[in-house]
Amino acid sequence: MVLLDIDYITENESAIIRLFGTFMTEKGPKSIIALDKNFLPYIYVIPIHSERCREELAEFDVARVEQVARRDLGRTVQVLKVFFKHPRDVPGLRDEIANLSSVDEIREYDLPFYRRYLIDKGLFPMGKLEVHGQPVATGEYPGCPAEDTYLLEISEDPVPLESDFPELKILSFDIEAYNPKGMPRAEEDPIIMISFSSNEGLRKVISMAQCDFDFVKTVATEEDILKEFVTTIKNENPHIILGYNSDNFDFSYINERAKLLGIPIDLGTDGSSLKFMRRGFTNAALVKGRVHVDLYPVVRRYLSMDRYTLERVYWELFGQDKEDIPGDEICDYWDNGGLQLASLFKYSLDDAESVTKIGEKMLPLTMELTRIVGQPFFDVARMATGQLVEWYLIRKAFETRELVPNKPSAAEHSHRRGKRAAGGYVKDPEKGLHENIVYFDFRSLYPSIIISKNVSLDTLVEECEEGACHVSPEAGYLFLKEPRGFVPSVIGNVLTERVRLKTLMYQATDEREIQVLNVQQEALKRLANSMYGVYGFSRFRWYSLECADAITAWGRDYIKKTMKKAEKFGFKPIYADTDGFYAVYDRKADSASDPS
DNA sequence: CAGAAACGGGG
DNA sequence: GTGTACGTTTCTG
């Protein structure tokens, strides 16, 4: 099966992991839910005194305790792996355990259960895996009553398989609501149209209004629009549902109208209804077993524009204007009928089709990041790059038996924000119109410094033998040359893998293969380029003012030295920023030979 | 000027 | 859900 999503449910006081997937049958793709009953949540406890700690832990209602060896800041430590009976036990018990007199510190106590599962089992969403086990009749598990879904209880660990990009069915939708007073209010303003577009050619607009277009499906009431909305999605059975600002607008609006009118929006492959997850101050709309992706946050992250309206994004990606009906005129177009109503139908469908097109352009990168970072597509599509890097490192830490540093407390966070590392070197540009400009820049300056100077939390030392350390300019921080630090080794591997993929890409002849390799190396580039920020980002688990400071100090040192050298050859710098500078060639100043 | 509040996308 | 965005712009005292 291809792993689309993951969560867990509770039955008889214990947690059951649900792997939502899809597999091919002769009749087309079929949804599958694989259940795993054999995974327990755990945290690490670093004891002051191991025996005494085990005695104190015996008083707690935990499943079991194991002693294991892990790496922490360059040292091997013996830690206790404390298993709990249920994820919900963790928040309460961890604090009590942290306060025990025999406990120094607790670690990895706040990783969501399903993410822990993916990491520990070596599974990657959007990748293939093999599952073995017993089929289960639907209805035997809470929340698994969907008829068309294959339900399986797994008897051994899922086996991850090598796989190409999965071919996924994408269904986009867009709603129009009646809005006589500006933005529509869900308590009173009805939905008047819902349009669909799929990557398999579906074009459909549901409305209670009539129109001659073949894509229009006319129904009697708003209730019927919502029912037809649910039926269409169930029939199309897409892997991915796309919208634009659908987390906060379309799905929220549909949910509120459906509640008001008593229509169930049971779109999940387990038969569950639409859910909303609070992510900070914003919502994410969740359809179990399918991946709902809101393209708005995706586009905001990957494209740099002044505005992110659907029209602007479409223009940016395809260089074409899109027909637009200003928001406050939609109710007039609806009320006036005739030609105006017809163009409203066209506009609505066009929006859904634009979403499909934008999705086809933007999703491959998100898909690849999902397969590298190893967290659900749903989450990756909504994660900031800092989060992506962090979850990538957490997985790498598990693979190399490193303990993950804790998230900063609120106090620690504000303390970190108080003092920030100095930035890159900037030389203000010299005024005037310059000719014969040359540009010099370091390729991936900061990642290169991290690797070559072994800048890492576990290599930073107070003192060291002559020649055994890299010494940073200015503050003089010491980083051991050996062994390789955790973050430098991860960045090193990412860059090596990227070089390998680029080599394969240049050798490849198949157009599709070239495209895929290109997206893969792009994803790694994105990851490597965000990784240098790990030390400077105040929310980050691997934050280190010393490391951040050392990196920028080396950066300033390199750029200034390079500029000085360039000046000797007659290049006069006119502007510099962080990892590069602009210079004009001044023949008179050139004391050396041919500057080329 | 600093800190608080609003904003984004959507109709 | 082993949880609570985010970075930037505009307003206010």
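Residues numbered from 1 in each chain as written. Chains lettered and ligands numbered in written order. Predicted model: local features only at pLDDT ≥ 70, side-chain atom pairs only at ≥ 80, totals over all residues. Heavy atoms only, no water.

Enquirer: Pulling in residues and values, what's your account of unusual backbone geometry?
Expert: Peptide bonds are mostly trans, and most non-glycine residues show a negative phi. The residue after glutamate 482, namely proline 483, is reached through a cis peptide bond having omega -10 degrees. Positionally, proline 483 belongs in the loop between β24 (478-480) and α14 (486-507). At asparagine 436, a residue that is not glycine, the phi angle is positive and equals roughly 55 degrees. (Helix = DSSP H or I, 4+ residues; strand = E, 2+ residues; numbered from the N terminus.)

Enquirer: So what's going on with the protein's contact with DNA strand C? Which residues, and what values?
Expert: By nearness alone, 22 residues border DNA strand C, and Tyr8, Tyr109, Phe113, Met277 and Lys407 come closest of all. What you see for DNA strand C is that sugar and phosphate hold 68% of its atoms within 4 Å of the protein. Between a phosphate oxygen of DNA strand C and a main-chain N or O atom of phenylalanine 113, the distance comes to 2.9 Å. Here a base nitrogen of DNA strand C sits 3.4 Å away from a polar atom, N or O, in the main chain of phenylalanine 281. Looking at the surface near DNA strand C, the elements with two or more residues in it are α2 (89-98), α3 (113-120) and β17 (275-279). The residue inventory of the surface near DNA strand C, partitioned by class, reads 13 nonpolar, one polar and eight charged. (Near = heavy atom within 4 Å. Polar contact = N/O pair within 3.5 Å; in protein donor to acceptor, adjacent residues only side chain to side chain. Nonpolar A, V, L, I, M, F, W, Y, C, P; charged D, E, K, R; others polar.)

Enquirer: So what about the domain arrangement of chain A? Which residues, and what values?
Expert: Per the domain assignment, the segments of chain A are domain 1 (1-162), domain 2 (170-373) and domain 3 (407-585). The distance between the C-alpha centroids of domain 1 and domain 2 comes to 35 Å. Each partner contributes residues to the interface: domain 1 has 18 residues there, and domain 2 has 14 residues. When the two sides are added together, the surface that domain 1 and domain 2 hide from each other amounts to roughly 1,400 Å², 57% of it contributed by carbon and sulfur. Sorting the residues of domain 1 by area buried against domain 2 places Leu4, Phe124 and Met126 first, and these three jointly supply 34% of that buried surface. Taken together, the links from domain 1 to domain 2 amount to two salt bridges. Where aspartate 7 meets lysine 288, a salt bridge forms, and the shortest distance between an N and an O atom there is 2.6 Å. (Domains from an automatic or database assignment. Contact = heavy atoms within 4.5 Å. Buried area = accessible area lost by both parts, 1.4 Å probe. Salt bridge = Lys/Arg side-chain N within 4 Å of Asp/Glu carboxyl O.)

Enquirer: Please give an account of the pairing of strand β26 (residues 580-585) that cites residues and values.
Expert: On a regular strand, each side chain points to the face opposite its neighbour's, so the side chains alternate between the two faces of the sheet. In this structure, strand β21 (residues 437-441) lies alongside β26, joined through five bridges in antiparallel fashion. Across the sheet, residue phenylalanine 440 finds its bridge partner in β26, namely phenylalanine 581. Both strand β25 (residues 571-577) and β26 contribute to a ladder of six bridges, which runs antiparallel. Each residue of the ladder has a partner; that of phenylalanine 571, found in β26, is tyrosine 585. Between β25 and β26, which pair antiparallel in sequence order, lie two residues; one of them, threonine 578, sits at a positive phi of approximately 60 degrees. (Pairing = 2+ DSSP bridges.)

Enquirer: So what about the packing of helix α9 (residues 338-373) against helix α15 (residues 511-531)? Which residues, and what values?
Expert: At a minimum axis distance of 9 Å, the contact between α9 and α15 shows a crossing angle of 65 degrees. As summarised for this structure, α9 and α15 are arranged roughly perpendicular, according to the angle between their axes. Both α9 and α15 take part in a crossing whose hand is right-handed. Seen from α9, the contacting residues are Pro364, Leu365, Glu368, Leu369, Ile372 and Val373; seen from α15, they are Val519, Gln520, Glu522, Ala523, Leu524, Arg526 and Leu527. For the contact of α9 with α15, the class distribution of residues is nine nonpolar, one polar and three charged. (Axes fitted to C-alpha atoms, helices over the stretch in contact; angles between N-to-C directions. Parallel < 35°, antiparallel > 145°, perpendicular 65-115°, else oblique. Left-handed = near helix turned anticlockwise from the far one by under 90°.)

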